[in-house]
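Given next are the chains, with one letter for each unit.
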Amino acid sequence: MTRTDLLALTPDTLAALANRGLVKRAAKDLDAGAGPDLDVTGDHTVHGRFPDGTETRLPPGATLQDAHCSCEAHGVCRHRIGLVLAYQRTATASDTPPPFTDWSPGSIDDTALAEAFGRPALTAARRTRDRGYQAVLHRPTPADPVPAVELPACTVRFPVPHRPGFAVTDAAEPLRGTTVVLAVWAFRAADTEGGDRVTVGGKETIPDNGDSAHRAAMDLVDELLVEGVPQAGPVLDGTLRRAGAALTAAGRHWPAAALEGIRHQLAEHAVRGARHDRETHALLLAELHARHRAAPTDPAAVLGTAETARTALRRVRLVALGCHVDGSARDRTAHVFFAHPDAGVVLVLHRRWELPDGQAPTGHDLGSRRILGTNLRTLAAANVVSEATSRTAGRAVEISRGRVATTSVTPVGAAWDDLPPGLLVTDLAAQFPAPGALPPRLVRPRVEAESMRVLAVAEAGPVRYDPAAQRLEAVLHDPAGNEVLLSTAHNPHCPGTLDALADALASGTADRVSGSLRHDRGRVLLAPLAVRTSRGVLVPDLAPGDGDTALPVAPHLPDDPLTTALEQALAALAEAAHHGLKNLTATDHDILESAAALLHRTGFHTTADKVSAVTTTLRAHGPAPAASHWHTAVIRLATTLELHRTGPYASP
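None of the values given here were measured: they were computed from a predicted structure.

Peer 1: For the overall build of the protein, give the residues involved together with the corresponding values.
Peer 2: When helices and strands are counted, the protein shows 20 helices and 28 strands. Principal-axis analysis of the C-alpha atoms places the extent of the protein at approximately 90 × 60 × 50 Å. Sorting the 652 residues of the protein into buried and exposed places 52% on the buried side. Long-range pairs, those at least 24 residues apart, make up 66% of the contacts in the protein with a sequence separation of at least 6. Carbon and sulfur atoms form 53% of the exposed surface of the protein, whose accessible area is close to 28,800 Å². Taking the average location of the 65 positive side-chain charges in the protein and that of its 73 negative ones, the two points are 4 Å from each other.

Okay, here's the thing in structure tokens:
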């Protein structure tokens, strides 16, 4: 290895290639004077002899795994790491730092990949490429010189230029070679096509069996649309379950997830659950058709054909960003969000509790429930290091505590400050995607917490409470001066949330807020999850209190007529889907026609025509032919509403 290569191996990179314990032990040995005597031969081989007699050699071009060590340990040992650290410490202050290298891993050819990982890794990667996969690229900059690729279920980084053997991935060791190959191919495709979001392979054909499963699922959806939710019975639940399994077997994970969402909506309605929502149900019905229509453009992205159900991860460090609690009369669910700094993404841990009759615990009560050997309140503001972690492509994470694999939970401390720029936002205008940068929600990948970030706060304005909407708001500014509107609604399961949040913002010491960011009619909104003040990290949903604090009242803003027209039309179509197209009354028809007329008056002429086509077809041809028009109208309404809300203009 060259001097530049050795200096590129930071302690974090060495820890990713081995584990942090070995790095700490090797550094401790050096500090104690038990490091090796170094010698660099003419061919640039680094040789070290340790006080215990162990000899280690690192030839040029070799990886740590390939380095020779007389201790004969399997894999990377503390001597190999100690050799690198000792060499790095020999660099004097007069040495010039390694220059920034603007390079692309796409320049690595398949021969080098085969030499680093073997032909089986390339064969497995080709199978994934045949199905198609998505990747998001992060190219090197002077501030962040390590190129990286975010794959559907893991992230790959290339800390040493042109050396694939030193690539770091959070996938488990058996998958390492395959994921590095896929990452190189993603860079290669991006270098050819341009841009930093690519779909590699998989565009030529869509398997017939997958299309058959998708069409069968759409037939079920259309039957439900015609019959209505009240008529759905247990037989349909079993049929939907089998259809979802067929979609999963065909690799169509996103349509399968939508079908599972429909099942949950029907189950909630059957027990009069609070989670049943007619608009959500309608959007899930339309999503099956939207994804089928959009699939030919990019099947891997639209259908999730490149995803794996679950990917095991190697030793990972996760940083908790807070917790959100929701539930019904029968249960409570805690959603704990974790930043995965090495991958640059946020993962979600879900934990659900069934409630005995007569119990209605608040979020504060749930804070004492045990998860991973600690309580929820501690976990929601902690660092977690685990060797027993897996994640789905949708970024749900599972963490186990076993007798073999280890998981540790420690206070989060200042870990939020060390998050990468993709997760810690200090300049909103530069770091948060512009409106319209993502595909419509109905057809983009079903990824949880895609917009979860930690926002650096330079200034927090006074809080205001809208009693009509039961919503707390405050204007924040990031260090670059960008304005963000913090906005969160009352949570009946967590009565102390708004009071605790208002108190934290009023303290004058809030410098970090985690939460979900989104564009809304010319502004950026932040739905908060946790706040860091001088007293530590506060998770409002787990705070005590009964919500009786008097808060300053904010004036209620007038409604936006464009949003109102779109929302009313979508609500009318959702109501029609709930009752069933064949069960609509004259009043239902009038509501749909009134919604179409309002769209016409506000300038949405084409969208209005799509809504009118539903009632026209119902009267002329019956409910079955009208189903296709209903899907078209809902897809257009949902997409138009999304674009209107995220557009770069303020509401009238």
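There's more to say after this.
Peer 1: Quick rundown of helix α9 (residues 234-249)? Include the residues and the values.
Peer 2: Here α9 spans 23 Å end to end across 16 residues, near enough to the 22 Å set by a 1.5 Å rise per residue. Along α9, the positions that sit buried rather than exposed are Leu236, Gly238, Leu240, Ala243, Gly244 and Leu247. In the segment just after α9, Gly251 is the residue with positive phi, at about 85°.

Peer 1: Describe in detail the nonpolar core, supporting the description with residues and values.
Peer 2: Leu259, Ile262, Leu573, Leu581, Leu599 and Trp630 are the most contacted members of the largest nonpolar core, which totals 59 residues. Not counting the four nearest positions on each side in its chain, Leu599 is found in contact with Ala565, Leu566, Ala569, Phe604, His605, Thr607, Ala608, Val611 and Leu637. Counting residues in each nonpolar core, the second largest holds 43 residues, with Trp353, Val412, Ala530 and Val539 among its members.

Peer 1: Give a detailed account of the packing of aromatic side chains, specifying residues and quantitative values.
Peer 2: Under the definition given, this model contains two aromatic pairs. Measuring from ring centre to ring centre gives 6.3 Å for Trp103 and Phe158, while their planes differ by 90°; the resulting arrangement is edge-to-face. One end of the pair, Trp103, is in the loop between α4 (78-89) and α5 (110-117); the other, Phe158, is in the loop between β7 (155-157) and β8 (168-169), with 55 residues separating them in the sequence. For the ring pair Phe158 and Phe187, a centre distance of 6.5 Å and an interplane angle of 85° mean the geometry is edge-to-face.

Peer 1: Please provide a residue-by-residue account of empty space enclosed by the protein, values included.
Peer 2: Counted according to the given criterion, the structure contains one cavity of 30 Å³ or more. Within this model, the largest cavity holds a volume of roughly 40 Å³. Lining the largest cavity, in full, are Ala26, Asp29, Leu30, Ala34, Gly35, Phe50, Arg78, His79 and Gly82. Breaking the lining of the largest cavity down by element, the ones donating at least two residues are α3 (20-31) and α4. Considered class by class, the residues forming the lining of the largest cavity number four nonpolar, three polar and two charged.

Peer 1: Provide a residue-level description of the sheet that holds strand β16 (residues 382-386), including the pertinent values.
Peer 2: Consider a sheet: its strands pair through backbone hydrogen bonds, and that pairing is either parallel or antiparallel. Across the sheet, which stays open at both edges, the five strands sit in the order β13-β12-β11-β16-β19 with antiparallel pairing between neighbours. Among the strands making up the open sheet, the edge pair consists of β13 (345-354) and β19 (407-411). Between one strand axis and the next, the sheet turns by 30° as a mean value, whatever way the strands run. Sheet topology places strand β12 (residues 331-340) next to β13; ten bridges connect them, and they run antiparallel. Each bridged residue has a counterpart across the sheet, and for His335 the counterpart in β13 is His350.

Peer 1: I'd like a rundown of the environment of Pro105, residues and numbers included.
Peer 2: Along the chain, Pro105 falls in the loop between α4 and α5. The exposure class assigned to Pro105 is buried, which follows from its relative accessible area of 0%. Distance in space between the C-alpha atoms of Pro105 and Thr239 is 46 Å, their sequence separation being 134 residues. Apart from residues lying up to four places away in sequence, Pro105 is in contact with Pro147, Phe158, Val184 and Phe187.

Peer 1: Could you give an account of the environment of Ser368, naming the residues involved and the relevant values?
Peer 2: Relative to the helices and strands, Ser368 is located in the loop between α13 (363-366) and β14 (370-371). C-alpha of Ser368 to C-alpha of Leu542: the two residues are 174 residues apart in sequence and 9.4 Å apart in space. Setting aside its immediate chain neighbours within four residues, Ser368 contacts Asn375 and Arg377. A distance of 3.1 Å separates the side chain of Ser368 from the backbone oxygen of Asp365, its partner in a polar contact.

Peer 1: Go over the packing of helix α19 (residues 605-621) against helix α20 (residues 623-646), please, and point to the residues and values.
Peer 2: Contact pair α19 / α20: the axes reach a minimum separation of 8 Å and the direction vectors enclose 165°. Between α19 and α20, the interaxial angle falls into the category roughly antiparallel. Taken as a pair, α19 and α20 cross one another with a handedness that is left-handed. The residues of α20 that touch α19, namely those facing Thr606, Thr607, Lys610, Val611, Ala613, Val614, Thr617, Leu618 and His621, are Pro623, Pro625, Ala626, His629, Trp630, Thr632, Ala633, Arg636, Leu637 and Thr640. Residue composition of the contact of α19 with α20, grouped by class: ten nonpolar, seven polar and two charged.

Peer 1: Give a detailed account of the packing of helix α18 (residues 586-601) against α19, specifying residues and quantitative values.
Peer 2: Where α18 contacts α19, the axes come no closer than 8 Å and their chain directions differ by 160°. If you check the angle between α18 and α19, you find them roughly antiparallel. In this structure, α18 meets α19 at a crossing whose hand is left-handed. Here α18 contributes His589, Leu592, Glu593, Ala596, Leu599 and His600 to the contact with α19, which in turn contributes His605, Thr607, Ala608, Asp609, Val611, Ser612, Thr615, Leu618 and Arg619. The residue inventory of the contact of α18 with α19, partitioned by class, reads six nonpolar, six polar and three charged.

Peer 1: Provide a residue-level description of the sheet that holds strand β9 (residues 197-200), including the pertinent values.
Peer 2: The five strands lie next to each other as β8-β7-β6-β5-β9, forming an open sheet whose pairing is antiparallel. For this open sheet the edge positions go to β8 and β9, each flanked by a neighbour on one side alone. Bridge count between strand β5 (residues 133-138) and β9: four bridges; the pairing is antiparallel. The residue bridging Ala135 from the neighbouring strand is Val198, located in β9.

Peer 1: Which residues make up the pairing of strand β26 (residues 512-520), and what values go with them?
Peer 2: Burial within β26 is extensive, with seven of its nine residues counted as buried. Pairing of strand β21 (residues 452-456) with β26, which is carried by five bridges, proceeds in the antiparallel orientation. In the strand pairing of β26, Met452 is matched with Ser516. Sheet topology note: the β26/strand β27 (residues 523-533) ladder contains nine bridges and is antiparallel. Note on β27: the bridge partner recorded for Arg518 is Leu525. Once β26 ends, the chain turns through two residues before running back antiparallel as β27, passing Arg521 with a positive phi of about 50°.

Criteria and cut-off values
Residues numbered from 1 in each chain as written. Predicted model: local features only at pLDDT ≥ 70, side-chain atom pairs only at ≥ 80, totals over all residues. Heavy atoms only, no water. Helix = DSSP H or I, 4+ residues; strand = E, 2+ residues; numbered from the N terminus. Buried < 20%, exposed > 50% of the residue type's maximum accessible area, 1.4 Å probe, protein only. Contact = heavy atoms within 4.5 Å. Areas by Shrake-Rupley, 256 points an atom, 1.4 Å probe, with all protein chains shown as cover. Lys, Arg positive; Asp, Glu negative; His and termini not counted. Charge placed at Lys NZ, Arg CZ, Asp CG, Glu CD. Expected span 1.5 Å × (residues − 1). Core = buried A, V, L, I, M, F, W, Y, C linked by side-chain atoms within 4.5 Å. Phe/Tyr/Trp six-rings, centres within 6.5 Å; stacked < 30°, edge-to-face > 60°. 1 Å grid on protein atoms, 1.4 Å probe; cavity = no way out; pocket = protein on both sides within 12 Å on 5 of 7 lines; lining within 4 Å. Points joined across faces, edges and corners; volume = space filled by probe spheres on them. Nonpolar A, V, L, I, M, F, W, Y, C, P; charged D, E, K, R; others polar. Pairing = 2+ DSSP bridges. Axes fitted to C-alpha atoms, helices over the stretch in contact; angles between N-to-C directions. Polar contact = N/O pair within 3.5 Å; in protein donor to acceptor, adjacent residues only side chain to side chain. Parallel < 35°, antiparallel > 145°, perpendicular 65-115°, else oblique. Left-handed = near helix turned anticlockwise from the far one by under 90°.

These figures capture arrangement, not role.
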